[in-house]
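One letter stands for each residue in the lines below.
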Amino acid sequence: MTEDDRHRGRHETEEERADRMWGELIQEVRVAQTGVQILFGFLLTVVFYPKYGQLPDTDQHIYIVTVVLGACTTGALIGPVSLHRLVSGRRVKPRAVRLAARLTFLGLVLLLATMTSALLLILRVATHDSYVPWLVAAVVAWYLVCWFGLPLWAGRRHTTAPENR
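Bear in mind that the values here come from a model prediction, so they are computed numbers and not experimental data.

Section: a positive patch on the surface
Link 1 in the chain: On the surface, a cluster of positive charge is contributed by Arg17, Arg95, Arg98 and Arg102.
Link 2 in the chain: The topology assignment puts Arg98 in helix α4 (residues 93-127).
Link 3 in the chain: The class for Arg98 is partly exposed, based on a relative accessible area of 44%.

So this is what it looks like as structure tokens:
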């Protein structure tokens, strides 16, 4: 492979690219799904603990929002698997990969909202201190940097412009 070949990227057909991208996407979804499933499973049990009935209305409302967000996140992150299964063999993989990528991105945004809501609830119940919103905001800022800021920066910093052909 010459220096020029390394800078031009892969030589693959649209179908080969879709296959590769699908494999990468599914690996990414597996990581996110595991965390969501653990969090969602935990959230589903909270309402059955005796202390839940003693929570102030605000905390109960935050809990309900968190559970709904967790359910929506789960749906968005499992969506690509269902999409693949239902369209498999219909020669639409490149379009399916694009749609699955959008569902995955939506799932990550919903995961951010779910994690924020869960963290807010847990810290409110655990401390009742006025610094909780600030602490939650700092963690959300950290998530934004790790999940979106750094990838966007790396993409802009290290992506070369396509050559005119």
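So, helix α2 (residues 14-46)
Link 1 in the chain: Here α2 contains 33 residues, and its C-alpha end-to-end distance of 47 Å stays within 8% of the 48 Å for a straight helix at 1.5 Å per residue.
Link 2 in the chain: By the burial criterion, the buried members of α2 are Ala18, Trp22, Leu25, Ile26, Val29, Ala32, Gln33, Val36, Leu39, Phe40, Leu43 and Val46.

Some remarks on the packing of aromatic side chains
Link 1 in the chain: Counted according to the given criterion, the structure contains four aromatic pairs.
Link 2 in the chain: Each ring, one from Phe105 and one from Phe148, has its centre 5.6 Å from the other, and the planes form 75°; the classification is edge-to-face. Here Phe105, found in helix α4, pairs with Phe148, found in helix α5 (residues 132-158); they are 43 residues apart in sequence, far enough to count as distant.
Link 3 in the chain: Using a relative accessible area of 16% as the deciding quantity, one classes Phe148 as buried.
Link 4 in the chain: A centroid spacing of 6.5 Å and a plane angle of 70° characterise the contact between Trp147 and Phe148, whose relative ring orientation is edge-to-face.
Link 5 in the chain: Ring-pair connections join several aromatic residues into one group, and the members of that group are Phe105, Tyr143, Trp147 and Phe148.

A short note on a nonpolar patch on the surface
Link 1 in the chain: A contiguous nonpolar surface patch, about 380 Å² in accessible area, is contributed by Tyr131, Trp134 and Leu135.
Link 2 in the chain: By secondary structure assignment, the location of Tyr131 is in the loop between α4 and α5.

A short note on the side chain of Gln33
Link 1 in the chain: As for its placement among the helices and strands, Gln33 is situated in helix α2.
Link 2 in the chain: Dropping the residues within four chain positions of it, Gln33 is found in contact with Leu77, Ile78 and Val81.

Some words on the packing of α2 against α4
Link 1 in the chain: Two elements in contact, α2 and α4, have axes whose closest approach is 10 Å; the angle formed by their N-to-C orientations is 20°. Put simply, α2 runs roughly parallel to α4. Classified by chirality, the crossing of α4 by α2 is left-handed. Listed contacts from α4 to Glu14, Glu15, Ala18, Asp19, Met21, Trp22, Leu25, Val29, Ala32, Val36 and Leu39 of α2 are Lys93, Pro94, Ala96, Val97, Ala100, Ala101, Thr104, Leu108, Leu111, Thr114, Met115 and Ala118.

Overview of the environment of Ala71
Link 1 in the chain: Relative to the assigned elements, Ala71 resides in helix α3 (residues 57-87).
Link 2 in the chain: Residue Ala71 is classed as partly exposed on the basis of its relative accessible area, which comes to 38%.

Reading guide: rules and limits
Residues numbered from 1 in each chain as written. Predicted model: local features only at pLDDT ≥ 70, side-chain atom pairs only at ≥ 80, totals over all residues. Heavy atoms only, no water. Patch = residues over 30% accessible without salt bridge, like charges linked within 9 Å, V, L, I, M, F, W, Y side chains within 5 Å. Areas by Shrake-Rupley, 256 points an atom, 1.4 Å probe, with all protein chains shown as cover. Salt bridge = Lys/Arg side-chain N within 4 Å of Asp/Glu carboxyl O. Lys, Arg positive; Asp, Glu negative; His and termini not counted. Charge placed at Lys NZ, Arg CZ, Asp CG, Glu CD. Helix = DSSP H or I, 4+ residues; strand = E, 2+ residues; numbered from the N terminus. Buried < 20%, exposed > 50% of the residue type's maximum accessible area, 1.4 Å probe, protein only. Expected span 1.5 Å × (residues − 1). Phe/Tyr/Trp six-rings, centres within 6.5 Å; stacked < 30°, edge-to-face > 60°. Contact = heavy atoms within 4.5 Å. Axes fitted to C-alpha atoms, helices over the stretch in contact; angles between N-to-C directions. Parallel < 35°, antiparallel > 145°, perpendicular 65-115°, else oblique. Left-handed = near helix turned anticlockwise from the far one by under 90°.

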